[in-house]
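Summary of structural features
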Amino acid sequence: MQRHNSNPRVDWKQKVESLGLTFHSGETPYWDESIYYSFTMSEVLEIERVSQELFRLCCLAVEHIFDAKLWDQFQIPQSMVPLIQRSWKDDDVALYGRFDLGLDASGVPKLYEFNGDTPTSLFEAAVVQWYWLQELHPDCDQFNSIHEHLIETWKISELTSPVHLACSKGSDEEFVTTVYLQDTAIQAGLKTKRIFMEDVGWNGREFVDLENKPIRSLFKLYPWEWMLREPFGLHLPKEACQFIEPPWKMLLSNKQILVLLWEMFPDHPNLLPAFASSARLGNDWVKKPVFGRGGASITSHTLTELVTTPGIPAVEGGFIYQAYCPPLAHANHYPILGSWIVGGESCGIGIRESDSPVTIESSRFVPHLIQA
């Protein structure tokens, strides 16, 4: 894996906007094509293998949660347990998820966390960096079949039509992700309707849209732990709606899964030690909110430094502690690989680069290619 300087296209802003990426700039560019990363084919195959293995381990961990009844550890209300179990038993469609991986000093991929419920940066990974590649490096390839996998997964989903797709108002990133996923569903032949989460209604029997039509299939870019706190949360266990992501995915978006994975598979080469306290981690550890998002309120503790990222302290749900293992730096920049699982298969990566070891919402998205 190598980092390269590159001359941005003169009209790059217009080009990414024409694709639909509207939040490309802030105080610094979010989409940054002044650099890119290159991989050898063997490196890509290893990332693919590791990602597939990690997803297998996660599914084994879900089964263990069922068998050992670890609902309290994952802060799951007992009323939700039958819904989670049913969604797993019925093999409800799990559309996508993103492993955040860092390469350690030896180049071994390490799992930092898994967003199995509401991952973003999907459109940038699936589409925007692909068009960048086609224009500037047409003779090269990219680890990126995300778009094709999304369409194929929608095709076999057996969802009741129309599929409603929802996100919250006010977030350009979530809106773009939702619109993109709607486009892939349409390409798969599904009828769709878009709605904001704030406009999803409850008529006393079922979820309804603004036309008072029942919602039978709902993609919700809205965390399950937030769903449980909504006024309609009490009705979720008896709701007939099929959710994407399915209820069992709330177990994988909960950072307690990192603790359980280490407990089940200690010394696995792609896992980091993780515990409920820092006592077994010495001086070097990272404290993460169980329900944290966007890199907020993460504390890195070493013998010489204590740093907490900005954000509202996510104390609800508590914290877990993970061994400190910063990603391998390139010219004082820290790349995190977002490795995408779609329909249960590893199918591509996107890279977020930061000036510190922790990726936050303002971290840059940078493209990649496979060396020709």
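Because the structure is predicted, anything quoted here is derived from the model rather than measured. (Residues numbered from 1 in each chain as written. Predicted model: local features only at pLDDT ≥ 70, side-chain atom pairs only at ≥ 80, totals over all residues. Heavy atoms only, no water.)

1. Quick word on the overall build of the chain
We apply this condition: Runs of H or I in DSSP of at least four residues are treated as helices and runs of E of at least two as strands, each being numbered from the N terminus. Radius of gyration here uses only the C-alpha atoms, and the compact-globule reference equals 2.2 Å multiplied by the residue count raised to the power 0.38. Exposed residues in this analysis have more than 50% of their type's maximum accessible area, buried residues have under 20%, and partly exposed residues fall in between, with area computed by a 1.4 Å probe over protein chains only. We call two residues in contact whenever any of their non-hydrogen atoms come within 4.5 Å of each other. Exposure was quantified through the Shrake-Rupley algorithm and a 1.4 Å probe, taking into account, for residues, occlusion by the shown protein chains and nothing else. We count Lys and Arg on the positive side and Asp and Glu on the negative side, and we leave His and both chain ends out. Note on charges: their place is set at NZ of Lys, CZ of Arg, CG of Asp or CD of Glu.
For the chain, the count of helices and strands is 8 helices and 19 strands. Here the chain has a C-alpha radius of gyration of 20 Å; the compact-globule value for 372 residues is 21 Å, and the two agree. With respect to the principal axes defined by its C-alpha atoms, the chain has extents near 55 × 50 × 35 Å. Out of the 372 residues belonging to the chain, those deemed buried represent 56%. Expressed as a percentage of contacts within the chain between residues at least 6 apart in sequence, the contacts between residues at least 24 apart total 69%. Just so you have it, the chain exposes about 16200 Å², and 51% of that area is on carbon and sulfur atoms. For the chain, the distance from the average position of its 30 positive side-chain charges to the average position of its 48 negative side-chain charges is 5 Å.

2. Concerning the packing of aromatic side chains
Under the convention used in this document: Aromatic pairing here means that ring centres of Phe, Tyr or Trp (its six-membered ring) are within 6.5 Å. Orientation follows from the plane angle: under 30 degrees is stacked, over 60 is edge-to-face, and everything else is tilted. Whether a charge sits over a ring comes down to the Lys NZ or Arg CZ being within 6 Å of the ring centre and within 35 degrees of the ring normal.
Tallied over the entire structure, the rule returns 17 aromatic pairs. Measuring from centroid to centroid gives 5.4 Å for Tyr222 and Trp226, while their planes differ by 75°, and the two rings are edge-to-face. Overall, Tyr222 belongs to the buried group, its relative accessible area being 11%. When its relative accessible area of 33% is taken as the criterion, Trp226 is described as partly exposed. The rings of Phe66, Trp71, Trp88 and Trp248 are connected pair by pair, giving a single aromatic cluster. Directly above the aromatic system of Trp248 lies the positively charged group of Lys249, at a separation of 5.9 Å from the ring centroid. Seen from the ring of Phe319, Lys287 lies directly overhead, with NZ or CZ sitting 4.3 Å from the centre.

3. A few points about unusual backbone geometry
Look at the link from Ser161 to Pro162: it is a cis peptide, with omega at -5°. If you trace the backbone, Pro162 turns up in the loop between helix H5 (146–155) and strand E5 (163–167). For the bond from Ile244 to Glu245, the omega torsion is 10°, close enough to zero to count as cis. Structurally, Glu245 can be placed in the loop between strand E10 (242–244) and helix H8 (256–264).

4. Side note on the pattern of salt bridges
Put simply, the test is: By definition, a salt bridge exists where a carboxyl oxygen of Asp or Glu is found within 4 Å of a side-chain nitrogen of Lys or Arg.
Counted under the stated rule, the structure contains 20 salt bridges. Residues Lys15 and Asp11 are paired through a salt bridge, measuring 3.6 Å at the closest nitrogen-oxygen approach. By relative accessible area, Asp11 is classed as partly exposed at 31%. Lys169 is paired through a salt bridge with Asp199; the nearest N and O atoms lie 3.7 Å apart. One end of the pair, Lys169, is in the loop between E5 and helix H6 (172–187); the other, Asp199, is in the loop between strand E6 (192–196) and strand E7 (201–202), and 30 residues separate them in sequence. Residue Asp199 is classed as partly exposed on the basis of its relative accessible area, which comes to 23%. Within the structure, one salt-bridge network assembled from shared partners comprises Arg3, Asp32, Glu353, Asp355 and Arg364.

5. Some details on the nonpolar core
Selection criterion: Here the nonpolar core consists of buried residues drawn from Ala, Val, Leu, Ile, Met, Phe, Trp, Tyr and Cys, with membership extended through side-chain atoms lying within 4.5 Å.
Residues Phe39, Ile76, Ile84, Phe99, Leu251, Ile257 and Leu261 are the most contacted members of the largest nonpolar core, which totals 72 residues. No other element matches the 12 residues that helix H2 (residues 41–68) contributes to this core. Setting aside residues up to four positions removed in sequence, Ile84 forms contacts with Phe66, Trp71, Ile76, Pro247, Trp248, Met250 and Leu251. Counting residues in hydrophobic clusters, the runner-up holds 41 residues, among them Tyr36, Phe123, Val176 and Val342.

6. What to know about the layout of surface pockets
Filter applied, for reference: Each cavity reported here is a set of points on a 1 Å grid over the protein atoms alone in which a 1.4 Å probe fits but cannot get out, each pocket an open set with protein on both sides within 12 Å along at least five of seven lines, and each lining residue one with an atom within 4 Å of a point. Grid points are joined across faces, edges and corners, and a volume is the space filled by probe spheres set on the points. Three classes are used: nonpolar for Ala, Val, Leu, Ile, Met, Phe, Trp, Tyr, Cys and Pro, charged for Asp, Glu, Lys and Arg, and polar for all others, with Gly counted as polar.
Taken as a whole, the second largest pocket encloses approximately 400 Å³ of empty space. What lines the second largest pocket is a set of 24 residues, among which Asp91, Val93, Ala94, Gly343 and Gly344 lie closest to the centre. Of the residues forming the lining of the second largest pocket, the biggest block, 3 residues, is contributed by H5. Across the lining of the second largest pocket, the residue classes break down as 11 nonpolar, 7 polar and 6 charged.

7. Here we look at the packing of helix H4 (residues 122–136) against H6
Basically, it comes down to this: For helices, the fitted line uses only the C-alpha atoms of the stretch in contact; every axis is such a line through C-alpha atoms, and the angle between N-to-C directions lies from 0 to 180 degrees. For classification purposes, angles smaller than 35 degrees are called roughly parallel, those larger than 145 roughly antiparallel, those between 65 and 115 roughly perpendicular, and all remaining angles oblique. Note on convention: the crossing is left-handed when the near helix lies turned anticlockwise from the far helix by less than a right angle, right-handed when the turn is clockwise.
Interaxial distance between H4 and H6 falls to 9 Å at its minimum, and their mutual angle equals 60°. Comparing the axis directions of H4 and H6 gives the class oblique. Read as a crossing pair, H4 and H6 show a hand that is left-handed. Contacts between H4 and H6 involve Leu122, Phe123, Glu124, Ala126 and Val127 from the former and Glu173, Val176, Thr177, Tyr180 and Leu181 from the latter.

8. As for the pairing of strand E12 (residues 285–289)
Remark: a regular strand shows side chains that alternate across the two faces of the sheet. Put simply, the rule reads: Two strands qualify as a pair provided that DSSP identifies no fewer than 2 bridges between them.
Burial runs high along E12: 4 of the 5 residues are buried. Pairing analysis gives 3 bridges linking E12 to strand E13 (residues 299–301), with the strands arranged antiparallel. For Trp285, the partnering residue across the bridge sits in E13 and is His301. Bridging between E12 and strand E15 (residues 319–323) involves 5 bridges; their strand directions are antiparallel. Looking at E15, one finds that Lys288 is bridged to Ile320.

9. What about the sheet that holds strand E11 (residues 274–275)?
One open sheet accounts for 5 strands, arranged E11-E15-E12-E13-E14; its pairing is antiparallel. Both outer strands of the open sheet, E11 and strand E14 (306–308), are each paired with one neighbouring strand and no more.

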